[in-house]
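Notes for the structure review
Each chain is listed here by its residues.
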Amino acid sequence: MAANRTRGQRAGLTRQAVLEAAVRLADQEGLKALSMRRLGAELGVEAMTLYHHVPNKAALLDGMIEQVVAEAVPPEFGTAPWREVLRAYAHALRDALAAHPHAVPLLLSRPAMTPRNLRTLEGVVGMLYEAGFPLPRTLDVLYSLTSFVVGHAAARAGNVDDGLASSDPDAYPLLVRAAREAGDEPADTRFHFALDALLAGFARELERP
C-alpha cells in the first residue's frame, strides 16, 4: 500500500484529479459504489491519501457537483446578452446532467457551496444585476432556471413520459391523444417550450416600472 501511495503522490494527485475520478466512477458504477476506499483503489492510492485533497465524503460529493456544474458554465458571462447566456447555461447544464445522470440526485439534495460554485453564482448574479434585475430577483432567476433544468433531468432519468401514449384511450382520451401527438421526442420539445417561457417571463420582469 505504501508503494501505491508513493506512486500516487509522485503522479501529482490533486483535488481536481480526485473529483474527476469520483465523477467517472459514479458514471460507471453509480453512487452506491462510491466510497473513499473504492476511489482510492481507482486512483492507485490508499483511501487516507484522499483526505489530503477532500476532508470528508460530504466534501467529495459537493466537489462532484462542482465538477458537473463547471461543465455548464459559459467561459465569460459578460460576452453576450443575459438572455443568451442563460439559454446557453440551461442547454449546457441539461447536457452535463445527461452525461452524468448520477449527479442529478446530488443536485437535488445538496447545496454544494464550494468556493468555485460560489464564484460562479457571483458571476451570474453580477451579470443579471448589471442587466437591470433587482438584486434579490437575480437569485429568483438563477434558482428558477436551475431548478427547471434539474427537474427536467430528473424526469428524463425516471422516464416519466413512458406509458402515457399506451394508456387506455377510452378512459383518458385527451391525455393519450396529447401524448401521441407530442411526437418521438416530447421531452426535448417540452424543454425548449418551458425554457422559452421562463426567459420570456424574466424579460417581462425587466419591463416592470
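Report on the accompanying structure. (Residues numbered from 1 in each chain as written. Predicted model: local features only at pLDDT ≥ 70, side-chain atom pairs only at ≥ 80, totals over all residues. Heavy atoms only, no water.)

Observations concerning empty space enclosed by the protein
Enumeration according to the criterion identifies 1 cavity of 30 Å³ or more in this entry. Taken as a whole, the largest cavity holds about 50 Å³ of empty space. Taken together, Val23, Ala26, Asp27, Met64, Ile65, Val68, His100, His102, Ala103 and Leu106 make up the lining of the largest cavity. Split by domain, the residues of the lining of the largest cavity number at least three in each of domain 1 (8-55) and domain 2 (69-206). (1 Å grid on protein atoms, 1.4 Å probe; cavity = no way out; pocket = protein on both sides within 12 Å on 5 of 7 lines; lining within 4 Å. Points joined across faces, edges and corners; volume = space filled by probe spheres on them. Domains from an automatic or database assignment.)

Quick notes on the packing of aromatic side chains
Taken as a whole, this structure holds 2 aromatic pairs when the rule is applied. Measuring from ring centre to ring centre gives 5.1 Å for Trp82 and Phe133, while their planes differ by 90°; the resulting arrangement is edge-to-face. You can see Trp82 sitting in helix H6 (residues 82-99) and its partner Phe133 sitting in the loop between helix H8 (115-131) and helix H9 (135-157), a full 51 residues away along the chain. For the pair Trp82 and Phe133, one class covers both residues: buried. On the basis of an interplanar angle of 20° and a centroid distance of 5.3 Å, the ring pair of Phe148 and Phe191 is categorised as stacked. Here Phe191 lies in helix H11 (residues 186-207) and Phe148 lies in helix H9, a separation of 43 residues in the sequence. This pair shows no difference in class: Phe148 is buried, exactly as Phe191 is. In this structure, Arg94 is placed above the aromatic ring of Phe191, and the distance from its NZ or CZ to the ring centre is 4.5 Å. (Phe/Tyr/Trp six-rings, centres within 6.5 Å; stacked < 30°, edge-to-face > 60°. Helix = DSSP H or I, 4+ residues; strand = E, 2+ residues; numbered from the N terminus. Buried < 20%, exposed > 50% of the residue type's maximum accessible area, 1.4 Å probe, protein only. Lys NZ or Arg CZ within 6 Å of the ring centre and 35° of its normal.)

As for the packing of helix H5 (residues 57-72) against H6
Between H5 and H6, the least distance of the axes is 7 Å, while the angle of their chain directions is 135°. When the axes of H5 and H6 are compared, the pair comes out oblique. Where H5 crosses over H6, the handedness of that crossing is right-handed. Between H5 and H6, the contacting residues are Val68, Glu71 and Ala72 on the first element and Tyr89, Ala92, Leu93, Ala96 and Leu97 on the second. Taken together, the residues of the contact of H5 with H6 break down into 7 nonpolar, no polar and 1 charged. (Axes fitted to C-alpha atoms, helices over the stretch in contact; angles between N-to-C directions. Parallel < 35°, antiparallel > 145°, perpendicular 65-115°, else oblique. Left-handed = near helix turned anticlockwise from the far one by under 90°. Contact = heavy atoms within 4.5 Å. Nonpolar A, V, L, I, M, F, W, Y, C, P; charged D, E, K, R; others polar.)

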